Amino acid sequence: MTFIEELKRRRTFGIISHPDAGKTTLTEKLLLFGGAINEAGAVKNNKIKKSATSDFMEIERQRGISVATSVLAFNYKEKKINILDTPGHKDFAEDTFRTLTAVDSVIVVIDVAKGVEEQTEKLVKVCRMRKIPIIVFINKLDREGKDAFDLLDEVEQKLGLRVTPLSFPIGMGYDFKGIYNIWEQKLNLFDGDNKQTISEGVEFKDINTPELDEIVGKKHAEDLREELELIDEVYPKFDKDEYLKGDLQPVFFGSALNNFGVKELLDCFIEIAPHPQPKQADTRIVKPEEPKMTGFVFKIHANMDPKHRDRLAFVKIVSGTFKRNTNYLHVRLNKKMKFASPNAFFAEKKQIVDESFPGDIVGLHDTGNFKIGDTLTEGEILNFKGIPAFSPEHFRYINNADPMKSKQLAKGIDQLMDEGVAQLFTLNLNGRKVIGTVGALQFEVIQYRLEHEYGAKCTYENLNMHKVCWVAPEDEKNAEFQDFKRVKQRYLAKDKEGKLVFLADSDFTIQMTQSKYPSVKLHFTSEF
Ligand code: G4P
């Protein structure tokens, strides 16, 4: 196969949802269709359960699973599909945001009974900002849920999407009969007892045929005809280009648990979802078909074995062919590196590979050279953009609890921050270190990992802060900025890159500060 054929057959995407909507179940069913696994239940649940807060072994176990399920790849109908795992738990939302920089499209899973939930709203917002093509899958149709049209309205309003259904349910819950596949003009009948086999579907080029009445009953047949007519009138026609531009989102209905509607979703997905796309770097846009290899690190995972501190850096290949034992430039460090055992991922296993193509993810063993956002090239100086840090929501001072181990503590903190577990800020006034996280769970993870992987002990002290803002003065020398620095000096700190941040205790403070110092812009992400 040529390089271009390899690139064109790749589909790299993420499945996002609020916890419990069915992301894991859907992932597993997709793997089942790809023949990558033989039985349901093979993909371990990668959910961080609430109980994990007090159960460190559980956190460790979850970390192990999440390495295994970070990338799930399989072949389906000549296409190579890479699913990137995105944690649904809100405390790990930043991990998900970063993973979204490495996908070319997403599938959003929504629970038919719960509708659009909080986490889905946040994640879809990020996708919309980046214009990532989105397919919506409404799940759990075997249960009583909201009316299909009401749900479509809700998706439009809450998620700000412009939807068009490509399938439509007949009945729901107890009375769920099946799904009409608008995309293929086929009817699939639901058989609740048959959770494993793939139903083939009856083709209906003309929905008005009396055969439909015989199959689903007169009432359901009439309802379906009316509903399809309404869909035709109310919703825009599906247009692949609009979908690819992020301006139109097709919707599918189904039940992942019952293996229903999943094949339709997958068949449409491989037809319409984009192959690897160009990516913006600081100096130019890099196209996937360029022969020279470029890629960037979007995730770092610490080794499970605490005795070996090596880590796995996940690199998304943007262009060219990544080859084993070949010299690449680590742009930030200006250092040539080669990798003897790059891992590729297949189903839930990883294996050493000689070549990877755009869209693929390779796992590189790392002893501390990489941090999130790092770029690899064949020599060109460029940095991929789009992995911003977001303002944390929880803050604590971190103190050394064992003076004999201060070096270990510093190294541990440094490496955990590179992995993106949390963010570190150093106060300008007294050099005290502040850890900022998205969720409270991370503080415990950090404490546990510092002790078990680095032999260092830390304690925390509460710090009542609300957000950090990255500070961007219009003019570093003007009197307003000088005044801002003097008045706010107690609240100013540097992030890990040395950028100036302002620690604010409330939204009110941010507003007041912004209106008092209009030329000093305050931003909620590190990239602006
Ligand atoms: P998540 O990864 O998005 O968090 O969700 P997950 O797939 O783990 O699914 C959450 C729960 O919803 C699971 O039940 C799962 O079996 C169920 N589920 C998924 N798809 C469907 C569906 O189409 N219909 C119905 N009725 N249920 C569905 P659980 O009891 O929490 O877990 P488990 O014990 O079944 O693993």
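Everything that follows concerns the structure shown earlier in this document.
Draft legend 1. Spotlight on the overall build of the chain. Assigned secondary structure in the chain consists of 14 helices and 31 strands. Counting only residues that meet the buried cut, the chain has 56% of its 528 residues in that class. Total accessible area on the chain is roughly 23,200 Å²; 49% of this is exposed by carbon and sulfur atoms.

Draft legend 2. Quick peek at the environment of Asp505. The residue Asp505 is located in the loop between strand 30 (500–504) and helix 14 (507–516) in this model. A relative accessible area of 43% means that Asp505 is categorised as partly exposed. Once you skip the residues sitting within four places of it in the chain, Asp505 turns out to touch Asn464, Met465 and His466. In this structure the side chain of Asp505 is engaged in a polar contact, spanning 2.5 Å, whose partner is the side chain of Thr509.

Draft legend 3. Fine view of the site of the ligand. Within the structure, the ligand sits among 18 residues, and Asp20, Lys23, Thr24, Thr25 and Ser255 are positioned closest to it. The contact in question runs from a nitrogen atom of the ligand to an N or O atom on the side chain of Arg143, over 3.1 Å. Across the complex, the protein chains shield 70% of the 710 Å² of accessible surface that the ligand would expose by itself. In terms of residue count, the dominant contributor to the shell around the ligand is helix 2 (residues 23–33) (three residues). Of the residues assigned to the shell around the ligand, the class counts are four nonpolar, eight polar and six charged.

Draft legend 4. Focus on the sheet that holds strand 29 (residues 492–494). What the eight strands build is an open sheet, ordered 27-24-26-25-29-30-28-31; its pairing is antiparallel. Each having just a single partner strand, strand 27 (458–462) and strand 31 (520–523) make up the two edges of the open sheet. Taking each pair of neighbouring strands and ignoring which way they run, the sheet shows an average axis angle of 40 degrees. Bridging between strand 29 and strand 30 involves three bridges; their strand directions are antiparallel. Looking across to strand 30, one finds that Lys494 is bridged to Leu500.

Draft legend 5. A look at the sheet that holds strand 11 (residues 249–253). Reading across from one edge, 2-3-1-4-5-11-6 is the order of the seven strands in this open sheet, with mixed pairing throughout. Where the open sheet ends on each side, the last strands, each with one partner, are strand 2 (71–76) and strand 6 (163–165). Strand-to-strand, the axes of this sheet are offset by a mean angle of 25 degrees, without reference to chain direction. With three bridges connecting them, strand 5 (residues 134–139) and strand 11 associate as parallel partners. The partner of Val136 across the bridge, within strand 11, is Val251.

Draft legend 6. Looking closely at helix 10 (residues 262–272). The buried fraction of helix 10 is high, at nine of eleven residues. Where helix 10 is concerned, the buried positions are Val262, Glu264, Leu265, Leu266, Asp267, Cys268, Phe269, Ile270 and Ile272.

Draft legend 7. Inspection of helix 5 (residues 118–129) at higher detail. Its twelve residues give helix 5 an end-to-end C-alpha distance of 17 Å, which sits within 8% of 16 Å, the value for a rise of 1.5 Å per residue. Listing the buried residues of helix 5 in full gives Gln119, Thr120, Leu123, Val124, Val126 and Cys127. Seen from one end, helix 5 has its buried residues packed into an arc of 155 degrees, which puts them on one side. The exposed residues of helix 5 that point more than 90 degrees off its buried face are Lys125 and Met129. Tucked inside the fold, the buried residues of helix 5 contact strand 1 (10–17), helix 4 (93–99), strand 4 (105–111), strand 5 and helix 6 (148–159).

Draft legend 8. The packing of aromatic side chains, seen in detail. Across all of its chains, the model carries 18 aromatic pairs by this definition. Both rings, one in Phe97 and one in Phe390, keep their centres 4.8 Å apart while their planes meet at 40 degrees; by these two values the pair is tilted. Of the two residues, Phe97 is situated in helix 4 and Phe390 in the loop between strand 23 (375–377) and strand 24 (394–400); the sequence distance between them amounts to 293 residues. On the basis of relative accessibility, which here comes to 19%, the residue Phe390 falls in the buried class. Seen from their ring centres, Phe484 and Tyr517 are 5.4 Å apart, and the 80 degrees between their planes marks the pair as edge-to-face. In this pair, Phe484 sits in helix 13 (residues 479–487) while Tyr517 sits in the loop between helix 14 and strand 31, placing the two residues 33 residues apart along the sequence. Residue classification places Tyr517 among the buried positions, given a relative accessible area of 3%. Among the aromatic residues, ring-to-ring pairing joins Phe322, Tyr328, Phe339 and Phe370 into one connected group.

The rules behind these values
- Residues numbered from 1 in each chain as written.
- Predicted model: local features only at pLDDT ≥ 70, side-chain atom pairs only at ≥ 80, totals over all residues.
- Heavy atoms only, no water.
- Helix = DSSP H or I, 4+ residues; strand = E, 2+ residues; numbered from the N terminus.
- Buried < 20%, exposed > 50% of the residue type's maximum accessible area, 1.4 Å probe, protein only.
- Areas by Shrake-Rupley, 256 points an atom, 1.4 Å probe, with all protein chains shown as cover.
- Contact = heavy atoms within 4.5 Å.
- Polar contact = N/O pair within 3.5 Å; in protein donor to acceptor, adjacent residues only side chain to side chain.
- Near = heavy atom within 4 Å.
- Nonpolar A, V, L, I, M, F, W, Y, C, P; charged D, E, K, R; others polar.
- Pairing = 2+ DSSP bridges.
- Axes fitted to C-alpha atoms, helices over the stretch in contact; angles between N-to-C directions.
- Expected span 1.5 Å × (residues − 1).
- Arc of directions from axis to C-beta.
- Phe/Tyr/Trp six-rings, centres within 6.5 Å; stacked < 30°, edge-to-face > 60°.

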